[in-house]
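# Notes for the structure review
Here are the chains, one letter per residue:
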Amino acid sequence: MLRGERAMVLDYLRHYRATFERTCEGLDADQLARRSVPPSSLSLLGLLRHLVAVEYSWCRRVMERRLDRPKMYGKDEHRDADFDGAVADPAVVAEAWTAWRTEVAHAERWYDAALSFDVLGTHDDGEVELRDVLVHLVEEYARHCGHADLLRECIDGRTGL
């Protein structure tokens, strides 16, 4: 049984990360890049790239207080670059999975090493506690796991992964 805020929040985050990864398992580049409905650019690959950017931004930019680092995938120039660049190319897919695993591993090490959930990071809107960042990440993953489940169902009928 989980005890305490730290264990509970980090376990939920790990659960949703694993759920997202499982939802994408076994799909090729064409399937991962398949868009939901025009004019939306929503796809599983776009969600993956978006989650890479989310992990990178909240840990490396906000919690490490490095807002000077550029956003991933050209998001400084174009807000939806992560989704728009999600094209059916095996190299793009491989890069996205490698980047996601790298950013998740980096974030997990950082969060595990944090002395408390009271640690402050710097956001464009001001200082933010680690606990707020982690709760936001749980919310972000939970929401996108719902999107991913619907996208996967449209591809091959599988749900509840």
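Conventions used here
- Residues numbered from 1 in each chain as written.
- Predicted model: local features only at pLDDT ≥ 70, side-chain atom pairs only at ≥ 80, totals over all residues.
- Heavy atoms only, no water.
- Helix = DSSP H or I, 4+ residues; strand = E, 2+ residues; numbered from the N terminus.
- Buried < 20%, exposed > 50% of the residue type's maximum accessible area, 1.4 Å probe, protein only.
- Polar contact = N/O pair within 3.5 Å; in protein donor to acceptor, adjacent residues only side chain to side chain.
- Contact = heavy atoms within 4.5 Å.
- 1 Å grid on protein atoms, 1.4 Å probe; cavity = no way out; pocket = protein on both sides within 12 Å on 5 of 7 lines; lining within 4 Å.
- Points joined across faces, edges and corners; volume = space filled by probe spheres on them.
- Nonpolar A, V, L, I, M, F, W, Y, C, P; charged D, E, K, R; others polar.
- Axes fitted to C-alpha atoms, helices over the stretch in contact; angles between N-to-C directions.
- Parallel < 35°, antiparallel > 145°, perpendicular 65-115°, else oblique.

## Some points on the side chain of R61
Within the secondary structure, R61 is located in helix 3 (residues 44-63). You can call R61 buried: its relative accessible area is 6%. A polar contact of 2.9 Å, which involves the side chain of R61, links it to the backbone oxygen of L67. Apart from the residues lying within four places of it in its own chain, the contact partners of R61 are Y56, R66, L67, R69, P70, K71 and T122.

## So, empty space enclosed by the protein
Overall, the coordinates contain one cavity of 30 Å³ or more when judged by the stated rule. In terms of lining residues, the largest cavity is bounded by L10, L13, R14, R17, E108, Y111 and D112. Mapped onto the lining of the largest cavity, the elements with two or more residues apiece are helix 1 (4-24) and helix 5 (90-113). Per element, the largest residue contribution to the lining of the largest cavity is four residues, and it comes from helix 1. Here the residues of the lining of the largest cavity are counted per class, giving three nonpolar, no polar and four charged.

## Quick word on the packing of helix 3 against helix 6 (residues 130-156)
Relative to each other, helix 3 and helix 6 sit at 175°, their axes nearing to 10 Å. One way to sum up the angle between helix 3 and helix 6 is to call them roughly antiparallel. Across the interface between the two elements, L44, L47, H50, L51, V54, E55, W58, V62 and M63 of helix 3 pack against L130, V133, H136, L137, E140, Y141, H144, H147, A148, L151, R152 and I155 of helix 6.

## Here we look at the environment of H136
As for its placement among the helices and strands, H136 is situated in helix 6. A residue is classified by how much of its surface remains accessible, and H136, at 26% relative accessible area, is partly exposed. Linking H136 and W58, residues 78 residues apart in sequence, is a C-alpha distance of 9.5 Å.

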